[in-house]
Amino acid sequence: MKQAWIPFASRPVPRYTSYPTAADFTPQVAETEAGIWASQTASDKPISVYIHVPFCEKLCFYCGCATSVPNGYTRIAAYLEILHREIDLWARALGAHDGMAHLHFGGGSPNALSAEDFKDLVAHASRAFGLRPGAEIAVEIDPRGLTPDFIHAMAASGVNRVSFGVQTLSATVQQAVGRIQPKVLLSEGIARLHEAGIGAINMDLMYGLPHQTVTDVEEAAHFAAEMGAARISLFGYAHVPWFAKHQAAIDEDALPGLEARFEQAEAGARTLELAGYQAIGLDHFARADDSLTQAARTGALHRNFQGYTDDPCDTLVGIGSTAISQFSGGYIQNFKERTAWRAAIEAGRLPVERGVALTEDDRLRARAIETLMCQMEVDVDGLCREMGAAPDSLADALETARFLQSAGLCRIAGSTIQVPPDARLFLRTVAQCLDGRYKPAPRRHTKAV
């Protein structure tokens, strides 16, 4: 890492999976707005649906997701009962639309569900929202709990993309983060998925874990490439024990420093690119024949709460506790506390706790941030003209970016801000220049690297 970059590497910045970010959500925007926005879907456009399953058979120490260990199936069954009722609430709240083009299951670990319950859930969502022919159905998987029955259930339900949580192959690191999964378990799981006809396998890898080395990251990247992963994400571990209490089990003294983290990320990216993968935005990689790569080439790449995507839908309905929805009018988030979430649904109300309404300035900046995060550059004046905004609407962003240019984190040519490939890990830092709402919050956002 260049010496001039070190001060920026430790600064907290939003992930910009949305703009405004979740830090700007407020209880003043909730169920009323959600109902109005949901009713305003376009009849000629499809929608996407995300279903949150907040359970894992075992809790990994590094995890920052909204999940818990159910200790038996009773809690899962009770959650599912309410989840089905929420599906019906949203189906009634939505205006006319052109069906569901994407259905994504995340968590937690969706394979904490029984095979039959998973099939019932897919079938219910498909009926309620009208599954379009050729729709993508994607499921995030914990390999440790992947059973033959669940694989068969996914295949029978039309699942055509699975995200496999690999993270690391190092036994030492796995022990340190409480996630023991031998390479043979991963290989056999992937083979069974392929045998069932599920060919598109994504893999999640991590760097910056306790005791992790450059060699560890390279080994995991080689494995993902050898297994033929269609897409690979390489995320940096975010140590936020004040937010994710179970991270206190991780030995902070064993965590790599900033420069070591940067070296690990660079080594992983280099390994994947040498294996033929295309770098996508901040932290994703995809094969040349994958639709994500094609979207990046044509300028059709997007970024949402699941990361980089080729999903162009304007409406994303989030179902389950903590789930976030996106509408043309703004963003809303369901209750995190499951008792409140359940009570709202049982009362026949959309279980919305907070949200944010979009202003015209938000829309402009959201487009600018997404363009930069996806294409590594943005012409701010050109975007203002395209969106009918005043010519100087993003002048503040250009001025702020000039400071980063002096450190080599970006280049400015006319009104275009560009992030060079070697500064890719600082995409969020540069995107912050376009953020008109940002307020320093050291314990809210993760470090840049």
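My aim in this report is to walk through the structure given alongside it, one point at a time.

Conventions and cut-offs
Residues numbered from 1 in each chain as written. Predicted model: local features only at pLDDT ≥ 70, side-chain atom pairs only at ≥ 80, totals over all residues. Heavy atoms only, no water. Core = buried A, V, L, I, M, F, W, Y, C linked by side-chain atoms within 4.5 Å. Buried < 20%, exposed > 50% of the residue type's maximum accessible area, 1.4 Å probe, protein only. Helix = DSSP H or I, 4+ residues; strand = E, 2+ residues; numbered from the N terminus. Contact = heavy atoms within 4.5 Å. Right-handed = clockwise from strand over helix to strand, strands pointing away. Pairing = 2+ DSSP bridges. Expected span 1.5 Å × (residues − 1). Arc of directions from axis to C-beta.

Okay, the nonpolar core next. Membership of the largest hydrophobic core comes to 123 residues, with the highest contact counts inside it found for I51, W90, F118, F129, M154 and F164. The leading source of residues in this core is helix α3 (residues 74-93), at nine residues. Excluding anything up to four places from it in sequence, F164 contacts I141, P143, L146, L186, G189, I190, L193, I201, N202, M203 and D204.

Following the sequence through the fold, G99 ends up in the loop between α3 and β3 (100-107). For the pair formed by G99 and L113, sequence separation is 14 residues and the distance between their alpha carbons is 25 Å. If we skip the residues at most four places from it in the chain, G99 touches P46, I47, F129, G130 and R132.

A large share of β3 lies buried, amounting to eight of its eight residues. Considered for its hand, the β-α-β crossover made up of strand β2 (residues 47-53), α3 and β3 is right-handed. One ladder, built from five bridges, connects β3 with strand β4 (residues 131-141); its direction is parallel. For H102, the partnering residue across the bridge sits in β4 and is E136.

What follows concerns helix α8 (residues 214-226). Helical geometry note: an α-helix holds 3.6 residues per turn, so side chains three or four residues apart project in the same direction. Here α8 contains 13 residues, and its C-alpha end-to-end distance of 18 Å stays within 8% of the 18 Å for a straight helix at 1.5 Å per residue. Buried within α8 we find D216, V217, A220, A221, F223 and A224. Across the axial projection of α8, the buried residues extend over an arc of 160 degrees, all falling on one side. Residues T215 and E226 are exposed on α8 and point more than 90 degrees away from its buried face. Those residues of α8 hidden inside the fold are in contact with β5 (161-167), α6 (171-177), α7 (183-195), β6 (200-207), β7 (231-236) and α9 (258-274). Positive backbone phi, at 75 degrees, marks G228, one or two positions downstream of α8.

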